[in-house]
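The residues making up each chain are set out below.
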Amino acid sequence: MPSLDDIERRRFLQIMAASAALASGACSGPPPENIEPYVRTPPELRDSTPLYYATAFVLGGYAHGVLVETHSGRATKVEGNPSHPASLGATSPHVQASVLQLWDPDRSRAVHRGRALSTWREYDAAIEARRGHFERNGGASLRVLTGTVTSPTLAAQLKALLARYPNARWHAHDPLADENASAGAHLAFGRPVDSVLALDKARVVLALDADFMSEGPASVRYAHDFMQARRKTSRERYSRLYAIETTPGLAGALADERLALALHDIEALIWRVAGTLGAAPRDVFAADARLARWEAALVRALGGARGESLVIAGPRLTRETRALVHRLNHVLGNTGRSIHHIEPVAVEAAPLGELVADMNAGRVDTLLVLGANPVYDAPVDLGFAQALARVPLSVHSGLYRDETARAASWHVPQPHTYEQWSDARAFDGTASIVQPVMRPLYDTRPALELLARFMARPADAAALVRRTWSSAAWRDSLREGVVAGSASAPLAVTPAAAIAPPRLARAPLVAVFTPDPATRDGELANNAWLQELPRPLTQLVWDNAALMSAATARALDCANGSIVRVEQGGRFVEAPVWICAGHADGVVTLPLGYGRTAAGVVGNGVGFDAYRLRTAAALATPLAVAVQKTGRARVLATTQGHFSMEGREPVRAATLEDYLKNPGFARDAPRKRVPEESLYPPHEYRDYRWGMAIDLNACIGCSACTIACQAENNIPVVGREQVMRGREMHWIRVDRYQQAERTHFQPVPCMHCENAPCEEVCPVGATVHDSDGLNLQVYNRCIGTRFCSQNCPYKVRRFNFLQYSDTTTRELKAQGNPQVTVRSRGVMEKCTYCIQRITRARIEADKAGRRLRDGEVVTACQAVCPTRAIVFGDLNDRESAVSRAKASPRDYTLLADLNTRPRTTYLARVINEDPEV
């Protein structure tokens, strides 16, 4: 072979090109199955550049319908699928942040054998060597552990595995599974059923320690449906929400009447109410004079709305009380109207406790763990990690090399939901085909293919899914994101007439466990967007804390940040205290999902691990604990005191009674009206005049808008230390205000003032007004004086004190929206009303030779909102939704007396108080 010196440049390039072609051809090829773009694209998403694919993000086993925006084969943004029953076009913060999880550089990329790197070939050989053993004993020593499974194809694969190895067993473990729901349904109906709520058909809703607006696979849909009933403003039809809860939640914040009680008091109360309404024996629990007025009001309200009421039981109530709630809804005539029952969506499997017993007894020599992380989140008294050490061959398949992966014999990487073929069902049984929207980033293998190889029947995941849905319209299902007609049919079931009451244990101080509002059970702990998202009711970021009431904190001589030792049965955790308004006395709430040791760079070492106290008996019930002050303290990162407007009446609210008497209460004296005089010269907007209205009556404080804005506009995270200095970068924040027993939320983006104070003080003209009235920021003019921020009364401008944007990590660079500039250090930035979306839609309208129609431009915050609280459009169009919203008597201007004349205004909140309470 000639040396390189003898080869001409042209010949060298030919040889290298041929080598590259052969290498690429050998490593990859065309995808085995075509993916289908979303053809019924909503007007706000139509564009010639990005492609949208309808698929589903699977969280906790359940499908959440999404449309994934891709640019040149890169997924960059997620929107809700309007055709999917769980989203109706909106998403939760978790689903919105899923695109960052896809591009997470800490994802697992390679096969590991113990701590050492390995290959798929070596893994396959290890499984092949074990297969003869399975064949001989029928898989007697084989176990499979999964999380919650709603996938019909995965369930079929597991069924086929058990058919081939009849002595094997399948177990399931989900730390957030509502164990008492299934137990309560079985007690009430004699069989397992799932309940589906129709909140839009309920005039009176009673939530018993149930945060149905933020927890569970149907939370986005339930928030939407509840607001549908809220939009009726007559005295007779306007819905009323009662919330009785231990830990403050979004449902309690929105409630017209809210009561904070320990769990045993909540259960006793509902048994007394049910007894009065004829759904339970009377006098099961002794009367409580403190609650007599509440109980009488609930009896009147529920009894007066038969067939149009709804009682919702939370996951921490006992199975007997959950069964009672089924009985109560039946007696009230709600079954079949505001609630109906369906076959369980999740496929039943053996519990985790039985698996641990088999492992400890030496009956398991091969364990396959699919997606679960029990070393981290299993009940501490089961001792899963110790039992796992007894298993000769254990395989963990997951998105990360997490705690369980590091304890297993083998770890094999799994693709992200957006990189694989699969399927899953929503809360109501509706099936979605999960199609990949881009090629896998790494050499991964989906669970379907892993199981197929386990049975020596190698198969492609796409073929397996297509086999499941052979009778469905395949291409239509891909394009729409749902399989038509796949929702579960309602069941005709009747609850038992007699239900035995529970034995309610009381203790001076109990702990309850709750999923963190952002990181949930810890699965999302490595997501920086979620870590830096202020929690709705505490505004904490980058941490968790032991939540308690002010009275409980006084009894323990604690203040915010005081570190306490929470102990039970010889086990303990040390946690900082956070005093939470509206929290029940005598209860400590311990948020899950923190204290990770193998989450990734972002999630490791953040917060304390509450799982260290969670026992099998305390999965869904209170745990008696002892709490002692340690004398140490920790400063917690919270945004509650940042950009505060207390004392200036930012949120306006009235009772329904007052509103019906005076619909214009939000604008009336003694509040100051918008001054008519101005030193600014008037400007006539002849083309478009963009504006926004935010309905505080519909905002539930979920902060999905904050994450959607972050994803759309390439907004960086800054980290705990920078947040503590008040330097968070979110372009839209959700302020929380406490007014006596009321909690109010107020999203605050840039107001796009007509008389913008920021524009007059910029020495270089970096902040300017455009022809449509938008207040814009010209990044390459900005010299970082920050005069504009000082002059902004709404404090909505953000400054890059440091180089917050990561411009070096390959994966994170690929995740960004290519239509939005990535800002550098020393530049001011802020909300632009998603000008890139306005421009995109305007170009398409200009091509067609017409004006933009109402609804063709939808901002990121507007699109994601579950309750449709945000409306955006052209104010020059008198028939536009935003013009109609601003014509409402509830419309008012924030800090109107400053005469900034914002384009963003608010609709005041109306509270349907119960005069009897």
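Residues numbered from 1 in each chain as written. Predicted model: local features only at pLDDT ≥ 70, side-chain atom pairs only at ≥ 80, totals over all residues. Heavy atoms only, no water.

## A short note on the overall build of the chain
Line of reasoning, step 1. Scanning the chain for helices and strands turns up 29 helices and 37 strands.
Line of reasoning, step 2. Relative to its length of 917 residues, the chain is compact, with a C-alpha radius of gyration of 28 Å against a globular reference of 29 Å.
Line of reasoning, step 3. Principal-axis analysis of the C-alpha atoms places the extent of the chain at approximately 95 × 90 × 60 Å.
Line of reasoning, step 4. The buried share of the chain, reckoned over its 917 residues, is 60%.
Line of reasoning, step 5. Accessible area for the chain stands at about 35900 Å²; split by element, carbon and sulfur atoms hold 51% of it. (Helix = DSSP H or I, 4+ residues; strand = E, 2+ residues; numbered from the N terminus. Rg over C-alpha atoms; globule rule 2.2 N^0.38 Å. Buried < 20%, exposed > 50% of the residue type's maximum accessible area, 1.4 Å probe, protein only. Areas by Shrake-Rupley, 256 points an atom, 1.4 Å probe, with all protein chains shown as cover.)

## Examining the pattern of salt bridges
Line of reasoning, step 1. For the structure shown, the criterion picks out 53 salt bridges.
Line of reasoning, step 2. In this structure, Arg143 engages Asp358 in a salt bridge whose closest nitrogen and oxygen atoms are separated by 3.2 Å. With Arg143 in strand 6 (residues 142-146) and Asp358 in helix 12 (residues 352-360), the pair connects residues that are 215 residues apart, well separated along the chain.
Line of reasoning, step 3. Put simply, Arg667 and Asp891 hold a salt bridge, and the shortest N to O gap is 3.3 Å. Of this pair, Arg667 sits in the loop between helix 21 (656-661) and strand 27 (690-695) while Asp891 sits in strand 35 (residues 891-892), placing them 224 residues apart in sequence.
Line of reasoning, step 4. The class of Arg667 is partly exposed, set by a relative accessible area of 33%.
Line of reasoning, step 5. Each member of the salt-bridge network shares a partner with another, and the members are Asp687, Asp772, Arg842, Arg851 and Asp874. (Salt bridge = Lys/Arg side-chain N within 4 Å of Asp/Glu carboxyl O.)

## A word on the confidence of the model for the chain
Line of reasoning, step 1. Looking at the chain, pLDDT values average 90 and 93% of them are 70 or higher.
Line of reasoning, step 2. In the model, residues 1-7 has pLDDT below 50 throughout and makes 4 contacts with residues more than four positions away in sequence or in other chains.
Line of reasoning, step 3. Confidence over residues 15-31 falls short of pLDDT 50; this stretch has 5 contacts with residues more than four positions distant or in other chains. (pLDDT = per-residue confidence, 0-100. Contact = heavy atoms within 4.5 Å.)

## Quick word on the sheet that holds strand 35
Remark on secondary structure: sheet strands pair via backbone hydrogen bonds, oriented parallel or antiparallel.
Line of reasoning, step 1. Strand order in this open sheet of 4 strands is 34-27-36-35, and the pairing throughout is mixed. Two strands bound the open sheet, and with one partner strand each, they are strand 34 (870-874) and strand 35. (Pairing = 2+ DSSP bridges.)

## Notes on unusual backbone geometry
Line of reasoning, step 1. Within the chain, Ser72 stands out as a residue other than glycine whose phi angle is a positive 50 degrees.
Line of reasoning, step 2. Here Ser72 shows up in the loop between strand 2 (62-71) and strand 3 (74-80).

## As for the sheet that holds strand 16 (residues 410-413)
Line of reasoning, step 1. Read across the open sheet, the 7 strands follow the order 5-4-16-15-14-6-7; overall the sheet is mixed. With one partner strand each, in any of the chains shown, strand 5 (116-117) and strand 7 (169-172) form the two edges of the open sheet.
Line of reasoning, step 2. Sheet topology note: the strand 6/strand 14 (residues 366-370) ladder contains 5 bridges and is parallel. What sits directly across from Leu142, in strand 14, is Thr366.
Line of reasoning, step 3. Across the sheet, helix 16 (residues 447-454) lies against strand 6, strand 14, strand 15 (393-398) and strand 16, angled at about 160 degrees from strand 14, the strand it touches most. (Axes fitted to C-alpha atoms, helices over the stretch in contact; angles between N-to-C directions.)

## Details of the state of the cysteines
Line of reasoning, step 1. Scanning the entire structure with this criterion turns up 0 disulfides.
Line of reasoning, step 2. With no disulfide of its own, Cys705 has Cys861 as its nearest cysteine by sulfur position, at a separation of 6.4 Å.
Line of reasoning, step 3. For Cys705, a relative accessible area of 8% puts it in the buried group.
Line of reasoning, step 4. Cysteine Cys831 shares no disulfide, and the gap to the nearest cysteine sulfur, in Cys750, comes to 5.6 Å.
Line of reasoning, step 5. Judged by relative accessible area, which is 10%, Cys831 ranks as buried. (Disulfide = S-S within 2.5 Å.)

## Side note on the packing of helix 5 (residues 152-164) against helix 16
Line of reasoning, step 1. Here helix 5 crosses helix 16 at 15 degrees, and the two axes come no closer than 10 Å. Here helix 5 is positioned roughly parallel relative to helix 16, judged by the angle of their axes. As helix 5 runs across helix 16, the sense of the crossing is left-handed. Residues Thr153, Leu154, Gln157, Leu158 and Leu161 of helix 5 form the contact with helix 16, whose own contacting residues are Ala447, Leu448, Leu451, Ala452 and Phe454.
Line of reasoning, step 2. Here the residues of the contact of helix 5 with helix 16 are counted per class, giving 8 nonpolar, 2 polar and no charged. (Parallel < 35°, antiparallel > 145°, perpendicular 65-115°, else oblique. Left-handed = near helix turned anticlockwise from the far one by under 90°. Nonpolar A, V, L, I, M, F, W, Y, C, P; charged D, E, K, R; others polar.)

## Quick look at helix 6 (residues 179-189)
Line of reasoning, step 1. If you check which residues of helix 6 are buried, you get Asn180, Gly184, Ala185, Ala188 and Phe189. An end-on view of helix 6 places all buried positions within 140 degrees of arc, on one side of the element.
Line of reasoning, step 2. Next to the buried residues of helix 6 lie helix 11 (319-331) and strand 13 (339-342).
Line of reasoning, step 3. With its phi angle positive at about 75 degrees, Gly190 sits one or two positions after the end of helix 6. (Arc of directions from axis to C-beta.)

## Some words on the nonpolar core
Line of reasoning, step 1. Within the largest apolar cluster, 105 residues are counted, with the highest numbers of intra-cluster contacts made by Leu199, Phe212, Phe226 and Trp690.
Line of reasoning, step 2. Sequence-distant contacts of Phe226, that is, excluding residues within four places in its chain, are made with Leu199, Val205, Phe212, Met213, Ser239, Leu241 and Leu254.
Line of reasoning, step 3. Residues Leu259, Leu269, Trp271 and Val510 belong to the second largest nonpolar core, which totals 45 residues. (Core = buried A, V, L, I, M, F, W, Y, C linked by side-chain atoms within 4.5 Å.)

## Concerning the packing of aromatic side chains
Centre distance and the angle of the planes are the two values used to describe a pair of aromatic rings.
Line of reasoning, step 1. In total, this model carries 17 aromatic pairs according to the counting rule given.
Line of reasoning, step 2. For the pair Trp120 and Tyr123, a centre-to-centre distance of 5.8 Å together with 85 degrees between the ring planes defines the contact as edge-to-face. Of this pair, Trp120 and Tyr123 are both found in helix 4 (residues 120-137), 3 residues apart, which corresponds to roughly one turn of the helix. As far as the burial class goes, Trp120 and Tyr123 line up, both buried.
Line of reasoning, step 3. Plain terms: the ring middles of Tyr833 and Phe872 are 5.0 Å apart, the flat faces sit at 65 degrees to each other, and that makes the pair edge-to-face. Here Tyr833 is found in the loop between strand 33 (828-829) and helix 27 (835-847), whereas its partner Phe872 is found in strand 34, with 39 residues between them in sequence. Take Tyr833 and Phe872: they sit in the same class, and that class is buried.
Line of reasoning, step 4. Aromatic ring contacts, followed pair by pair, group Tyr688, Trp690, Tyr833 and Phe872 into a single cluster.
Line of reasoning, step 5. The residue whose ring lies beneath Arg596 is Tyr376, and the NZ or CZ to ring-centre distance is 4.9 Å. (Phe/Tyr/Trp six-rings, centres within 6.5 Å; stacked < 30°, edge-to-face > 60°. Lys NZ or Arg CZ within 6 Å of the ring centre and 35° of its normal.)

## Examining helix 12
Line of reasoning, step 1. For helix 12, every residue scored as buried is listed here: Leu352, Leu355, Val356, Asp358 and Met359. What you see down the axis of helix 12 is that its buried residues fit within an arc of 160 degrees, all on one side.
Line of reasoning, step 2. Here the buried face of helix 12 lies against strand 6, strand 7, strand 14 and helix 14 (384-388).
Line of reasoning, step 3. Within two residues after helix 12, Gly362 carries a phi angle of roughly 80 degrees, on the positive side.

## Here's the deal with the pairing of strand 28 (residues 733-739)
Line of reasoning, step 1. With 5 of its 7 residues buried, strand 28 lies for the most part within the structure.
Line of reasoning, step 2. Examined bridge by bridge, strand 28 and strand 29 (residues 742-748) share 7 bridges and lie antiparallel to one another. Pairing of Gln738 across the sheet is with Thr743, part of strand 29.
Line of reasoning, step 3. Hairpin remark: strand 28 followed by strand 29, antiparallel, with 2 residues in the connecting loop; positive phi at Ala740, about 55 degrees.

## Notes on the environment of Val768
Line of reasoning, step 1. Looking at where Val768 falls in the secondary structure, it is placed in strand 30 (residues 767-769).
Line of reasoning, step 2. With sequence-adjacent residues up to four places away left out, Val768 is seen in contact with Glu759, Leu774, Asn775, Leu776, Val778 and Arg781.

## Here's the deal with the packing of helix 9 (residues 263-276) against helix 10 (residues 292-303)
Line of reasoning, step 1. Closest axis-to-axis distance for the helix 9/helix 10 pair is 10 Å, and the angle between their directions is 50 degrees. With respect to helix 10, the element helix 9 is oriented oblique. Crossing of helix 9 over helix 10 shows right-handed handedness. Along the contact surface, helix 9 presents Leu269, Arg272, Val273 and Thr276, while helix 10 presents Glu295, Leu298, Val299 and Leu302.

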